[in-house]
Amino acid sequence: MVSILNQNKINEATLLIEIEGFIQSSLNSARQPRSFYQNFADLLLDFHQVYDPDFSYSCLIEPFCRLLYDYDLEYESPESLCKLLKQTPFRQWQSDFDLNWTDHLDEMRQHRFSEKQNAQKIDSRLNLLIDEYSALLVVRVDLSYVANISIQQVDDDLEILRRKINRSQYGDDVLLLIWALEQGESTGYHCHVALVFDERKRHGAWRIAKAVGEWWKEITDDQGKYFNCHDRRYLKKYEERDVVGIGVIYSNVPYQVNKMRSTLSYLARPDKAQYLRVKTSAKMRSFGMSQVKAKINRRNCYKR
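Remember, predicted model here, so these are calculated numbers, not experimental data.

If you had to explain a negative patch on the surface to someone new, which residues and values would you point to?
Taken together, the side chains of Glu 18, Asp 42, Asp 46, Glu 79 and Glu 185 define an acidic patch exposed on the protein surface. Within the element layout of this structure, Glu 185 appears in the loop between β3 (174-184) and β4 (188-198). Under the relative-accessibility criterion, Glu 185 is labelled exposed at 53%.

Requested: an account of the pattern of salt bridges, with residues and values cited.
Summed over all chains, the structure comprises nine salt bridges. Residue Asp 198 is joined to Arg 200 by a salt bridge in which the shortest nitrogen-to-oxygen separation is 3.2 Å. Ionic contacts of the salt-bridge type, sharing partners, join the residues Glu 159, Arg 162 and Arg 163 into one network.

Talk me through the confidence of the model for the chain; I want residue IDs and the actual numbers.
Across the chain, pLDDT averages 90, with 90% of residues at or above 70. Every residue in residues 1-7 scores below 50 in pLDDT, and together they form 18 contacts with partners more than four places removed in sequence or on other chains. This model gives residues 293-304 a pLDDT under 50, and the stretch forms eleven contacts once residues within four places in sequence are excluded.

Provide a residue-level description of the packing of helix α1 (residues 12-28) against helix α5 (residues 90-98), including the pertinent values.
When two helices pack together, you describe them by how their axes are tilted relative to each other and by the distance separating the axes. Relative orientation of the contacting elements α1 and α5 amounts to 120°, with a least axis distance of 9 Å. Helix-helix and strand crossings are classified by hand; for α1 and α5 the assignment is left-handed. Counting all contacts with α1, which are made through Phe 22, Ile 23, Ser 26 and Leu 27, the residues of α5 involved are Phe 90, Gln 94, Phe 97 and Asp 98. Taken together, the residues that form the contact of α1 with α5 break down as five nonpolar, two polar and one charged.

So what's going on with unusual backbone geometry? Which residues, and what values?
The backbone phi angle of Asp 221 is positive, close to 55°, even though this residue is not glycine. Here Asp 221 is to be found in the loop between α8 (205-219) and β5 (224-228).

Describe the side chain of Glu 199, naming the residues involved and giving the relevant values.
You can see Glu 199 is positioned in the loop between β4 and α8. Arg 200 provides the closest opposite charge to the buried, salt-bridge-free Glu 199, at an N-O distance of 6.6 Å. The contact partners of Glu 199, leaving out residues within four places of it in the chain, are Ala 135, Leu 136, Leu 137 and Val 248.

Please give an account of helix α6 (residues 101-132) that cites residues and values.
Between its first and last C-alpha, α6 extends 47 Å over 32 residues, near the 46 Å set by a 1.5 Å rise per residue. Of the residues making up α6, those classed as buried are His 104, Met 108, His 111, Glu 115, Asn 118, Ala 119, Ile 122, Arg 125, Leu 126, Leu 129, Ile 130 and Glu 132.

Before we move on, could you go through the packing of aromatic side chains and cite the residues and values that matter?
Scanning the model with the defined rule gives 19 aromatic pairs in all. Taking 6.3 Å as the distance between ring centres and 80° as the angle between the ring planes, the aromatic pair formed by Phe 22 and Phe 64 counts as edge-to-face. One end of the pair, Phe 22, is in helix α1; the other, Phe 64, is in helix α3 (residues 62-70), and 42 residues separate them in sequence. The same class applies to Phe 22 as to Phe 64, namely buried. Here the aromatic residues Phe 22, Phe 36, Tyr 37, Phe 40, Phe 47, Tyr 51, Tyr 57, Phe 64, Tyr 69, Phe 90, Trp 93 and Phe 97 are joined through ring pairs into a cluster of three or more.

I'd like a description of the pairing of β4, backed by residues and values.
β4 sits mainly inside the fold: eleven of its eleven residues count as buried. In this sheet, β4 lies alongside strand β2 (residues 135-145) in antiparallel orientation, the contact comprising eight bridges. Bridged to Val 139 within β4 is Leu 195. Pairing analysis gives ten bridges linking β3 to β4, with the strands arranged antiparallel. Of the residues in β4, the one forming a bridge with Leu 177 is Leu 195. Between β3 and β4, which pair antiparallel and follow one another directly, the connecting turn spans three residues.

Break down α3 for me, citing the residues and quoting the values.
Taken residue by residue, α3 has Pro 63, Phe 64, Cys 65, Leu 67 and Leu 68 as its buried positions. On the buried face of α3, the contacting elements are α1, α2 (36-50), β1 (56-57) and α5.

About the criteria used
Per chain, the residues get numbers from 1 upward, laid out in the order the sequence is written. Local features in a predicted model are, by the rule used here, given only for residues with pLDDT of at least 70; side-chain atom pairs are given and counted only at 80 or more, and totals for whole chains, interfaces and linings are based on all residues. Just so you know, side-chain values use all the structure's heavy atoms and leave hydrogens and water out. A patch consists of residues exposed above 30% relative accessible area that lack any salt bridge, with like charges linked at up to 9 Å and nonpolar side chains (Val, Leu, Ile, Met, Phe, Trp, Tyr) linked at up to 5 Å. Only the protein chains shown count as cover for residues, and the accessible areas themselves come from Shrake-Rupley with a 1.4 Å probe. Put simply, a salt bridge is a Lys or Arg side-chain nitrogen that is within 4 Å of an Asp or Glu carboxyl oxygen. Only four residue types enter the charge count, namely Lys and Arg as positive and Asp and Glu as negative; His and the chain termini do not. A single reference atom marks each charge: NZ on Lys, CZ on Arg, CG on Asp, CD on Glu. Secondary structure counts use DSSP, requiring at least four H or I residues in a row for a helix and at least two E residues in a row for a strand, with both numbered from the N terminus. Only protein chains enter the accessibility calculation, which uses a 1.4 Å probe; a residue is then buried when its area is under 20% of its type maximum, exposed when over 50%, and partly exposed in between. The predictor attaches a confidence to each residue, and that confidence, scored 0 to 100, is pLDDT. The contact criterion used is simple: two residues touch if any of their non-hydrogen atoms lie within 4.5 Å. To obtain an axis, a line is fitted to C-alpha atoms, over the contacting stretch when the element is a helix, and the angle between two such axes runs from 0 to 180 degrees between their N-to-C directions. Helix crossings fall into two classes, left-handed where the near helix is turned counterclockwise from the far one by less than a right angle and right-handed where it is turned clockwise. Under the scheme applied, nonpolar residues are Ala, Val, Leu, Ile, Met, Phe, Trp, Tyr, Cys and Pro; charged residues are Asp, Glu, Lys and Arg; polar residues are all the others, including Gly. For a helix, the expected span equals 1.5 Å multiplied by the number of residues minus one. Two aromatic rings from Phe, Tyr or Trp, using only the six-membered ring of Trp, form a pair when their centres are within 6.5 Å; if the ring planes differ by under 30 degrees the pair is stacked, by over 60 it is edge-to-face, and anything between is tilted. A pair of strands is considered paired only if DSSP assigns at least 2 bridges between the two.

Below, the structure written as structure tokens:
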């Protein structure tokens, strides 16, 4: 299960955010920004290196996708491409970018709508667990990379990890698995993972989080890294603010349950600036959650 890494020096995740910012700042400018054409050329040449025609790009990246078909960049230098781009006035570039702005706003509205639906699903499934179990063990671990990686590799690695968890010694005891894939300017592609167990069956949240993190490093051939959210130094900061929502949660203690809800709902409502700008296909998911209702119904049947 060794990943084949993208050895490109260009950070795909960071580049796409830079392109989006470039287009937004261009649209907001009353006059041509300094170094507009040079920055434009540099970004376009870098995008040419990471572009995949089979991928699905967000609306504000689409203008750059079109430009790859308008210009033959294979043998262009930053200087020669800059001259070509200057043949089109800045105002015309603004107009071209503006064609995607309405679609971008629609895309963001759909993103927020999906977040709301996901949060409601989490809340509904937590209600089922709270009603069924006297205490839950909530495990959190954050996954990322130390190398420049393509979205295809991220998608493949996460699929392997989910299968690994399901087939592991913890698989049969996982009551709920939630994951959220995000894209940050400084953090690149990263994923938040939460697992919920019956506290009577599973103990040691730190140990479980560490196991998941080590599997991630193995899957990514040590090009992945992880943060164990049950690290004592990390937990102490949140304990001081009285906002810890992981570890052992007692279902009959309302303030613990509310903190758990808040912690897990964050996975469905990531920072708006960290949505994915590229997917392996239009159907690729950036959020996922296992079913729990069927398991609980079977338990209830056994109780009868």
